[in-house]
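Tertiary structure, described
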Amino acid sequence: MPDQNALIRAAIGRLLSEKTGVAVISMKESIAELPDITGAALTIETLQDMLLEMAEVRGMMVVLDV
């Protein structure tokens, strides 16, 4: 069974794939969507760190509107 971080990363990957072509995404909106997608209870800071890291790799900017 995959660990929780792998499941979270997969969910973030799906979320970012849905936003392909978008140059900037909202941190607030993205973080609000992730717990529903994953069902995981991670801290907001952990989700933010993972989202920022994965968005950067894809060349996307994240608006820090939290």
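First things first, this report covers the structure right here in the doc. The structure displayed is predicted, hence computed values, not measured ones.

Rules used throughout
Residues numbered from 1 in each chain as written. Predicted model: local features only at pLDDT ≥ 70, side-chain atom pairs only at ≥ 80, totals over all residues. Heavy atoms only, no water. Salt bridge = Lys/Arg side-chain N within 4 Å of Asp/Glu carboxyl O. Helix = DSSP H or I, 4+ residues; strand = E, 2+ residues; numbered from the N terminus. Buried < 20%, exposed > 50% of the residue type's maximum accessible area, 1.4 Å probe, protein only. Axes fitted to C-alpha atoms, helices over the stretch in contact; angles between N-to-C directions. Parallel < 35°, antiparallel > 145°, perpendicular 65-115°, else oblique. Left-handed = near helix turned anticlockwise from the far one by under 90°. Contact = heavy atoms within 4.5 Å. Nonpolar A, V, L, I, M, F, W, Y, C, P; charged D, E, K, R; others polar.

Applying the stated criterion across every chain, the model contains two salt bridges. In this structure, the salt-bridge partner of Arg9 is Glu53, at a minimum N-O distance of 3.3 Å. Of this pair, Arg9 sits in helix H1 (residues 4-18) while Glu53 sits in helix H3 (residues 44-57); the two residues are 44 residues apart in sequence, bridging distant segments of the chain. Across the salt bridge formed by Glu33 and Lys19, the nearest N and O atoms sit 3.9 Å from each other. Taken together, the residues Glu33 in helix H2 (residues 27-38) and Lys19 in the loop between H1 and strand E1 (24-26) connect sequence positions 14 residues apart. Using a relative accessible area of 29% as the deciding quantity, one classes Glu33 as partly exposed.

At a minimum axis separation of 10 Å, H2 and H3 run at an interaxial angle of 115°. In this view, H2 runs roughly perpendicular relative to H3, as classed from their interaxial angle. Note on packing geometry: the crossing formed by H2 with H3 is right-handed. Along its contact with H2, which presents Met27, Ser30, Ile31, Leu34 and Pro35, the element H3 presents Ile44, Leu47, Gln48, Leu51 and Leu52.

Another aspect to go through is the packing of H1 against H2. At their nearest, the axes of H1 and H2 sit 10 Å apart, and the two run at 125° to each other. Our classification of the angle between H1 and H2 gives oblique. The two elements H1 and H2 meet at a crossing, and its hand is right-handed. Contact residues: H1 offers Ile8, Ala11, Ile12, Arg14 and Leu15, while H2 offers Ser30, Glu33, Leu34, Ile37 and Thr38. Partitioned by chemical class, the residues of the contact of H1 with H2 number six nonpolar, two polar and two charged.

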